[in-house]
Amino acid sequence: MKKNNNNTVPGDAGPVATSGVRTEVTGAEALLKALVEEGVDTIFGYPGGAIMPVYDKLLDYSDSLRHILTRHEQGAAHAAQAYAMVTGRPGVCFATSGPGATNLVTGIANAFLDSVPVVFITAQVTSSLIGTDAFQETDILGISMPVTKWNAQVKNAAEIPEVIARAFYIARTGRPGPVLVDIAKDAQFESMTFRYSKCTYIRSYNPANPLIGRDIESAAVMINHAERPLILAGHGVIISGAVAELKALAEKGGIPVAVTLPGIPAFSHDHRLFAGMLGMHGNYAPNVLTNRADLIIAAGMRFDDRVTGNLKKYAPQARVIHIDIDRAEIDKNVRADIGINGDAREVLTAMLPHIREKKREEWIREFRILDRTENEKVIKPETEPGKGELKMGEVVKVISELAGRNTVVVTDVGQHQMAVARYYRFTDSNTLVTSGGMGTMGFGLPAAMGAATGTTDRPVIAFIGDGGFQMTVQELGTIMQYRIPVKIVLLNNSFLGMVRQWQEMFFNSRYASTEMVNPDFVTLASAYGIPARKINRREELKEATSEMLASEGPFILVAEVSRIANILPMVEPGASVSEVTLTYSSKS
């Protein structure tokens, strides 16, 4: 669209910031210049025929735009998401048309469910061929629509700056999420006059909701009068930068804080009010006492089924205050007595002056009593050295103790993910990168690359199972090429461990297609020039961990762990969160 004299897009966009520079360029170069205007410095991607004009121009922008060539488009998508999570800026990912675009879909969906801003740029066949089933033509707009916050197709070069500006604005405002821009090949060749204006307003899109004072005050009254309040903190607390405000609310009100899986770093595990992780494999106390609480204060979380268990039995004694940036999440799964549609940081900041100082020591003591039960029945047996095979929990605990503060931890999906969530001590905000809503196996390795690319002053450790590792193992080539200094802890039990656990518990130990015959991972690492070491005795664990952490570049530590261990506690399917299985006798 053309701009009018008021620096607006007619009928749609409002005032925007503008660079005021006009330059004659091709559409491909206009895309790259727009990315530079948005502060982009890193792109993850994979070239192909339809996007070749962009990659050709990318050579001229090597001083300002770093391109990381992944080994698969899915790897590029996951890497871009992790980059966004650790930097706080939108990630950027390139792919060509057809299979290049469709290979992104899992990564797009992963970013969508975890509310991470990523701008996906795909190429499309020449505009005259769109709709003709041309070679490598796919309707990526239709395919991606359910898992993008917004998508658009560009057929004219002149549209590129405005569409890119809008894409970044939508991706990072409100509830963040992925967007996709599909650019026809002929639009990349066309010449146009480049002038860039950052988007700051779209008439039909309202990401910021004004706070309603009476709701804030009513919520504060409920908190002040509650005897057994419990805060449930999700990923939205981290996204909004509300970690300090959450801590202030908890301390002022003497309120225990439980966290969701993506929200784990929202509250220090060393804090006396930390209640543990919620959910299917969460801690005993917060799950059980959810159903004893008389008030639930949910901030930046969506009451996912893994957190609530059986909704008919969920928090029967509690009134609910639900704070979320996305109005659609309020009352979706759990009815809220007070729903506050707003940014978590703004809401908590406005609420704090109305909160009375309280201790609530008797209520906190209930958590400590149940903590001791879980510690004796589950945590000690899983994390303390003993006889027999290495256990995931003890590996995670030792690495947590040796890694130091502010380390970025990345996980894949499975039993090891739950072991990390339970036994790694997170004390700093924004130090966990994991696949929460999608639970995507294969996420860990490319995500570790993206995280390590996005942060140079914090070490990155990735915990990955042998199943997920082999789903995206080709990304070792990317790590080799760019010498990305990620430390990979491969927890190898030669099983698809989480599926095997369910088969044991609910399918009479009928292990259908879950046992894996694996390669020699150390030899595989050596083929990529990556140092690696295998251990299977706990006497080697600390020394091998120290070797890994001291290495300058990438390193793979293969820890062979128990093949048939289960992750407990567990809220079994259909059960209430208070009906927690603490012990289970293996039939294997």
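All of these numbers come straight from a predicted model, not from anything done at the bench. (Residues numbered from 1 in each chain as written. Predicted model: local features only at pLDDT ≥ 70, side-chain atom pairs only at ≥ 80, totals over all residues. Heavy atoms only, no water.)

Engineer: It is not clear to me how the overall build of the protein chain should be interpreted in this structure. Could you clarify?
Structural biologist: The secondary structure content of the protein chain amounts to 23 helices and 24 strands. Its C-alpha atoms give the protein chain a radius of gyration of 25 Å, near enough to 25 Å, the size a compact globule of 588 residues would have. Taken over 588 residues, the protein chain has a buried fraction of 59%. In the protein chain, the proportion of contacts linking residues at least 24 apart, taken out of those at least 6 apart, comes to 76%. A total of about 23,100 Å² of accessible surface is found on the protein chain, and carbon and sulfur atoms cover 51% of it. Of note, the protein chain has its 59 positive side-chain charges centred 5 Å away from the centre of its 63 negative side-chain charges. (Helix = DSSP H or I, 4+ residues; strand = E, 2+ residues; numbered from the N terminus. Rg over C-alpha atoms; globule rule 2.2 N^0.38 Å. Buried < 20%, exposed > 50% of the residue type's maximum accessible area, 1.4 Å probe, protein only. Contact = heavy atoms within 4.5 Å. Areas by Shrake-Rupley, 256 points an atom, 1.4 Å probe, with all protein chains shown as cover. Lys, Arg positive; Asp, Glu negative; His and termini not counted. Charge placed at Lys NZ, Arg CZ, Asp CG, Glu CD.)

Engineer: What should I look at first to understand the pattern of salt bridges in this one?
Structural biologist: When the charged atoms of two side chains with opposite charge come close together, those side chains can pair. Inspection of every chain in the model, using the stated rule, returns 28 salt bridges. Salt-bridge contacts for Arg563 lead to Glu515; the nearest nitrogen and oxygen are separated by 2.5 Å. Within this pair, whereas Arg563 is found in the loop between β22 (555-560) and β23 (570-571), its partner Glu515 is found in the loop between α21 (497-506) and α22 (521-527), the two being separated by 48 residues in sequence. With a relative accessible area of 31%, Arg563 lands in the partly exposed category. Arg533 is the partner of Glu543 in a salt bridge, and the nearest nitrogen-oxygen pair spans 2.6 Å. (Salt bridge = Lys/Arg side-chain N within 4 Å of Asp/Glu carboxyl O.)

Engineer: How do you make sense of helix α17 (residues 415-423) when you look at a structure like this?
Structural biologist: Residues separated by three or four positions in an α-helix point in the same direction, a consequence of the helix having 3.6 residues per turn. Most of α17 is tucked away, with nine of its nine residues classed as buried. Restricting attention to buried positions, one finds in α17 the residues Gln415, His416, Gln417, Met418, Ala419, Val420, Ala421, Arg422 and Tyr423.

Engineer: Could you clarify how one ought to interpret the sheet that holds strand β6 (residues 118-124) in this entry?
Structural biologist: By definition, the strands of a sheet pair up through backbone hydrogen bonds, in either a parallel or an antiparallel sense. Pairing is parallel in the open sheet, where six strands are placed in the order β4-β3-β5-β6-β8-β7. Two strands bound the open sheet, and with one partner strand each, they are β4 (66-69) and β7 (150-154). Going from strand to strand, the sheet's axes swing by 20° on average, the running direction of each strand aside. Judged from the five bridges that link them, strand β5 (residues 91-95) and β6 form a sheet pairing that is parallel. Note that in β6 the partner of Gly91 across the bridge is Val118. (Pairing = 2+ DSSP bridges. Axes fitted to C-alpha atoms, helices over the stretch in contact; angles between N-to-C directions.)

Engineer: Help me out: how do you make sense of the side chain of Asn287 in this one?
Structural biologist: Turning to its location among the elements, Asn287 is positioned in helix α12 (residues 284-290). Residue classification places Asn287 among the buried residues on the basis of a relative accessible area of 1%.

Engineer: Can you walk me through the sheet that holds strand β16 (residues 338-341) in this structure?
Structural biologist: Ordered in space as β13-β12-β11-β14-β15-β16, the six strands form an open sheet in which the pairing is parallel. Strands with a single pairing partner mark the edges of an open sheet, and in this sheet they are β13 (274-277) and β16. Taken pair by pair, the neighbouring strands of this sheet meet at an average axis angle of 15°, ignoring direction. The pairing of strand β14 (residues 295-299) with strand β15 (residues 319-324) spans five bridges and is parallel. Bridge assignment links Ala298 to a residue of β15, and that residue is His322. Sitting on the sheet, helix α9 (residues 213-225) touches β14, β15 and β16, and the angle it makes with β16 is about 135°. Sheet strands in contact with helix α14 (residues 344-351) are β15 and β16, and its direction is about 125° off that of β15.

Engineer: Explain unusual backbone geometry here, please?
Structural biologist: With the exception of glycine, most residues fall at negative phi, and the peptide bonds are largely trans. The residue after Leu568, namely Pro569, is reached through a cis peptide bond having omega 0°. Here Pro569 lies in the loop between β22 and β23. Even without being glycine, Asn430 reaches a positive phi, approximately 55°. For Asn430, the location among the structural elements is in the loop between α17 and β18 (432-433). Of the residues examined, Asn430 reaches a relative accessible area of 23% and is grouped as partly exposed. Of note, Ser494 is a non-glycine position whose phi angle comes to about 55°, a positive value. Position of Ser494 among the secondary structure elements: in the loop between β20 (487-492) and α21. A relative accessible area of 17% places Ser494 in the buried class.

Engineer: Where do I start with the domain arrangement of the protein chain in this structure?
Structural biologist: Where interface size is quoted, it is often the accessible area lost as the parts come together. Entries for the protein chain in the domain assignment read domain 1 (23-194), domain 2 (213-366) and domain 3 (390-562). On a C-alpha basis, the centroid separation for the pair domain 2 and domain 3 is 31 Å. Each side of the interface is counted separately: domain 2 has 17 residues, and domain 3 has 19 residues. Taking both sides of the interface into account, the surface hidden between domain 2 and domain 3 amounts to around 1,500 Å²; carbon and sulfur atoms contribute 63%. At the surface where domain 2 touches domain 3, the tally comes to one salt bridge. Between Asp270 and Arg425 there is a salt bridge, and its shortest N-O distance comes to 3.3 Å. On the surface where domain 2 and domain 3 come into contact, there are five residue pairs in polar contact (both at pLDDT 80 or more). The residue inventory of the side of domain 2 that touches domain 3, partitioned by class, reads nine nonpolar, five polar and three charged. (Domains from an automatic or database assignment. Buried area = accessible area lost by both parts, 1.4 Å probe. Polar contact = N/O pair within 3.5 Å; in protein donor to acceptor, adjacent residues only side chain to side chain. Nonpolar A, V, L, I, M, F, W, Y, C, P; charged D, E, K, R; others polar.)

Engineer: What is the right way to look at the pairing of strand β11 (residues 229-233) in this model?
Structural biologist: Counted residue by residue, β11 has five buried out of five residues, so it is predominantly covered. Burial of β11 is two-sided: the residues Pro229, Ile231 and Ala233 facing one way and the residues Leu230 and Leu232 facing the other way are all buried. Relative to β14, β11 runs parallel, the two being bridged by five bridges. If you follow Ala233 over to β14, its bridge partner there is Ala299. The sheet contact formed by β11 and strand β12 (residues 257-259) spans three bridges and is parallel.

Engineer: What should I look at first to understand the packing of aromatic side chains in this one?
Structural biologist: Geometrically, a pair of aromatic rings is defined through the distance of the ring centres and the angle of the planes. In total, this model carries 11 aromatic pairs according to the counting rule given. Between Phe44 and Tyr83, the aromatic rings sit 5.9 Å apart at their centres with planes inclined by 65°, giving edge-to-face as the arrangement. With Phe44 in strand β3 (residues 42-45) and Tyr83 in helix α3 (residues 73-87), the pair connects residues that are 39 residues apart, well separated along the chain. For the pair shown, Phe44 and Tyr83 are each scored as buried. Considering the side-chain rings of Phe303 and Tyr314, the 6.0 Å spacing of their centres and the 75° angle between planes classify their relative orientation as edge-to-face. Note that Phe303 is positioned in the loop between β14 and α13 (305-308) and Tyr314 in the loop between α13 and β15, a separation of 11 residues in sequence. Neither residue differs from the other here; Phe303 and Tyr314 are each classed as buried. Grouping aromatic residues by their ring pairs yields a cluster made of Tyr424, Phe426 and Phe463. (Phe/Tyr/Trp six-rings, centres within 6.5 Å; stacked < 30°, edge-to-face > 60°.)

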